[in-house]
Amino acid sequence: MTRIYRLSPSILSADFSKLGEQVRILEDAGAPWLHIDVMDGQFVPPVSFGDVVIRSVRPVSKMFFDVHLMVTEPDRFVDDYAKAGADMFTVHAEACAHLDRTLQHIHESGMKAGVALNPATPLQVLDYVLDKVDMVLIMTVNPGYGGQKYIPSMTAKIRDLRRKLDEAGYSDLPIEVDGGINASTIDTVLDAGASVIVAGSAVFRGDIAKNATDLMKRIQEREMSGR
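What comes next concerns the included structure. Note that the structure is predicted; figures quoted are calculated from it, not measured. (Residues numbered from 1 in each chain as written. Predicted model: local features only at pLDDT ≥ 70, side-chain atom pairs only at ≥ 80, totals over all residues. Heavy atoms only, no water.)

What follows deals with the side chain of Arg162. Of note, Arg162 is situated in helix 5 (residues 154–167). At 3.4 Å, the side chain of Arg162 and the backbone oxygen of Tyr170 are in polar contact. (Helix = DSSP H or I, 4+ residues; strand = E, 2+ residues; numbered from the N terminus. Polar contact = N/O pair within 3.5 Å; in protein donor to acceptor, adjacent residues only side chain to side chain.)

Listed below in structure tokens is the structure:
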């Protein structure tokens, strides 16, 4: 298995009056993943959208739907999102009463399972679930709002996680990063060991196709370099 390198544009920053059109622009530009942030107003302050949005976009896109649940007790929603068309279901370790059970449920539903960690959450919470995880998401801002600045101390956390995965025999497990990623910070996180890059404002502000293409080029260069 080869480590996955991907751009996953976050529709949290999209113009929802043109959502279908903007998703098609991304797909035509070659973006392979689509990051979908679900927020409940409890785990994080804002409310975003639910499985209805996924159901509406799924028929117009063949992209890999990378769904990030920022909700309390995400296990409640596994089956609904699987039916809606999600491909990856990433839950916050902090929001799961029984993380191991939730990851099993996600796999049983036919989706890939990711675990997200807030900036202050230690990597040790992953120690006994790595065999059930398809991706680890490191939040590089505090979750809930788009447009925040990258937290510099997260560079060391990404680097520590990459080392931890390599030493545990999970070198191919992708690390996704979400928050404050743009042309100025993307090389920092790639250097540290991230391989799946979530970008919201950096993609949807201005020329969507050009922004996505420019970021994908940076990611592809890193993948080809083998670093």
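Past the structure itself, the notes keep going.
The next subject is the pattern of salt bridges. Scanning all chains against the criterion turns up 12 salt bridges. Put simply, Asp131 and Lys132 hold a salt bridge, and the shortest N to O gap is 3.6 Å. For the salt bridge of Asp166 with Arg162, the shortest nitrogen-to-oxygen distance reads 3.5 Å. Taken together, the residues span about one helical turn, with Asp166 and Arg162 both in helix 5 at a distance of four residues. Judged by relative accessible area, Asp166 falls into the partly exposed class, the value being 36%. With a relative accessible area of 7%, Arg162 lands in the buried category. (Salt bridge = Lys/Arg side-chain N within 4 Å of Asp/Glu carboxyl O. Buried < 20%, exposed > 50% of the residue type's maximum accessible area, 1.4 Å probe, protein only.)

With five of six residues buried, strand 5 (residues 112–117) lies mostly within the body of the structure. On the question of chirality, the crossover connecting strand 4 (residues 88–92) to the parallel strand 5 by way of helix 4 (residues 99–108) is right-handed. Here strand 5 pairs with strand 6 (residues 135–139) via four bridges, running parallel. Bridging from a neighbouring strand, Ala116 pairs with Leu137 of strand 6. (Right-handed = clockwise from strand over helix to strand, strands pointing away. Pairing = 2+ DSSP bridges.)

If you walk across this open sheet you meet the eight strands as 1-8-7-6-5-4-3-2, and the pairing is parallel. This sheet does not close on itself; its edge strands, each paired only once, are strand 1 (6–9) and strand 2 (33–39). This sheet shows a mean twist of 25° between the axes of neighbouring strands, independent of strand direction. (Axes fitted to C-alpha atoms, helices over the stretch in contact; angles between N-to-C directions.)

In this fold, Phe49 is placed in the loop between strand 2 and helix 2 (51–57). Counting along the chain gives 30 residues from Phe49 to Asp79, while the straight-line C-alpha distance between them is 16 Å. Discounting residues that sit within four places of it in the chain, Phe49 has contacts with Ile11, Leu12, Phe16, Ile36, Asp37, Val38, Met39 and Tyr81. (Contact = heavy atoms within 4.5 Å.)

As a further point, take the side chain of Glu176. With respect to the helices and strands, the residue Glu176 is situated in strand 7 (residues 175–178). Arg6 is the oppositely charged side chain nearest to the buried, salt-bridge-free Glu176, at an N-O distance of 10 Å. Excluding anything up to four places from it in sequence, Glu176 contacts Ser8, Trp33, His35, Asp66, Met135, Val136, Leu137, Ile138, Val196 and Val198. (Lys, Arg positive; Asp, Glu negative; His and termini not counted.)

For Pro119, the location among the structural elements is in the loop between strand 5 and strand 6. For Pro119, a relative accessible area of 13% gives the class buried. A sequence separation of 48 residues divides Pro119 from Val71, and the C-alpha atoms of the two residues are 16 Å apart. Non-local contacts of Pro119, meaning those with residues more than four positions away in its chain, are made with Met139, Val141, Asn142, Pro143, Ile151, Met154 and Lys157.

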